[in-house]
Amino acid sequence: MAEWAVLAVLIAVCLSSPGSATSPHIVFIAADDLGWNDIGFHGNEAIKTPNIDQLAHEGVILNRSYVQPVCSPTRSAFMGGRFPFHTGLQHGVIKPERGFGLNLSITTTAQHMKALGYSTHAIGKWHLGFCNRAYTPTQRGFDTFFGYY
C-alpha cells in the first residue's frame, strides 16, 4: 500500500467578503505527498474523504495544475502566480538557516484577495521564508496563520 501523508494544508482559507453577499467563499487546499487517487472524488472507494468530496462537487475543481517535487517551489508558484524559476525558489525547500524567502516585491495571492475585500486565513506549513517578520504569512496578506514556517 502506498503511504501518503498530508503534511500541510498551506491554505485552508475560508474567505468571506464583508461587503457583498454575492462574493463566493474560497478554499484553497495544497497538500504535500497527496496522490491523484488518494481522495474519494477521483474514484478511490478505499479512501473515504467525504468532506473534501463535498467541497469538490459543490465547487470548482482545478485539476490541470502541476506541482514541483518539493514544497517551497510549489508554494511560491501558487502564492506568487509565477513559475518557480521566476520567483527564484526553484531549487528546493527554504530551510531554517536560509536568509531569504519569497521575494517581498511579489504580491501574494492572499494580498490580492485582501485587496478584493476578503478575509484570509492560512493553516499549515508556510515554507516561503521566515528569516525576518516581513516574510511571514501575516505580513504577506493573511489575517491569521496557524502552523509552522
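Treat the numbers as computed from the prediction; the structure is a model and nothing was measured.

On to the overall build of the protein chain, then. When its secondary structure is counted, the protein chain shows 4 helices and 2 strands. Secondary structure elements in the protein chain, listed N-terminal to C-terminal, are α-α-α-α-β-β. Across the 149 residues in the protein chain, those meeting the buried criterion constitute 33%. Put simply, the protein chain shows about 9,400 Å² of open surface, and 57% of that area lies on carbon and sulfur atoms.

Together, Val27, Ile29, Ile52 and Leu55 give the surface a local cluster of nonpolar side chains, amounting to about 330 Å² of exposed area. For Ile29, the position within the fold is in the segment before α1 (50–58).

Before going further, it helps to spend a moment on the pattern of salt bridges. One pass over the full model with this rule turns up 1 salt bridge. A salt bridge links Lys114 to Asp143, with the nearest nitrogen and oxygen atoms 2.5 Å apart. Note that Lys114 is positioned in helix α4 (residues 109–115) and Asp143 in the loop between β1 (121–125) and β2 (144–148), a separation of 29 residues in sequence.

This part is about the confidence of the model for the protein chain. Taken over all residues, the pLDDT of the protein chain has a mean of 83, while the share at 70 or more is 86%. Note that pLDDT drops below 50 for residues 1–19; the model gives that stretch 67 contacts with residues more than four away or on any other chain.

Counting 11 residues, the largest nonpolar core is built from Met79, Leu89, Ile94, Leu102, Ile106, Ala110, Ala122, Trp126, Leu128, Phe142 and Phe145. Excluding residues within four positions of it along the chain, Phe145 makes contact with Ala122, Gly124, Trp126, Pro137 and Thr138.

For the rest of this paragraph, the subject is the side chain of Asn44. Relative to the elements of secondary structure, Asn44 occurs in the segment before α1. A distance of 2.7 Å separates the side chain of Asn44 from the backbone nitrogen of Ala46, its partner in a polar contact. In terms of polar contacts, Asn44 uses its side chain to reach the backbone amide nitrogen of Ile47, at 3.1 Å. Leave out the neighbours within four places in its chain, and Asn44 touches Asn37 and Ile39.

Tallying each qualifying case throughout the model produces 5 aromatic pairs. A centroid spacing of 6.1 Å and a plane angle of 90° characterise the contact between Trp126 and Phe142, whose relative ring orientation is edge-to-face. Of this pair, Trp126 sits in the loop between β1 and β2 while Phe142 sits in the loop between β1 and β2, and the two are 16 residues apart along the sequence. A ring pair is formed by Phe130 and Tyr149, whose centres lie 5.9 Å apart and whose planes are at 20°; its orientation type is stacked. Pair noted here: Phe130 is in the loop between β1 and β2 and Tyr149 is in the segment after β2, with a separation of 19 residues, a long-range link. A relative accessible area of 26% means that Phe130 is categorised as partly exposed.

Rules behind the numbers
Residues numbered from 1 in each chain as written. Predicted model: local features only at pLDDT ≥ 70, side-chain atom pairs only at ≥ 80, totals over all residues. Heavy atoms only, no water. Helix = DSSP H or I, 4+ residues; strand = E, 2+ residues; numbered from the N terminus. Buried < 20%, exposed > 50% of the residue type's maximum accessible area, 1.4 Å probe, protein only. Areas by Shrake-Rupley, 256 points an atom, 1.4 Å probe, with all protein chains shown as cover. Patch = residues over 30% accessible without salt bridge, like charges linked within 9 Å, V, L, I, M, F, W, Y side chains within 5 Å. Salt bridge = Lys/Arg side-chain N within 4 Å of Asp/Glu carboxyl O. pLDDT = per-residue confidence, 0-100. Contact = heavy atoms within 4.5 Å. Core = buried A, V, L, I, M, F, W, Y, C linked by side-chain atoms within 4.5 Å. Polar contact = N/O pair within 3.5 Å; in protein donor to acceptor, adjacent residues only side chain to side chain. Phe/Tyr/Trp six-rings, centres within 6.5 Å; stacked < 30°, edge-to-face > 60°.

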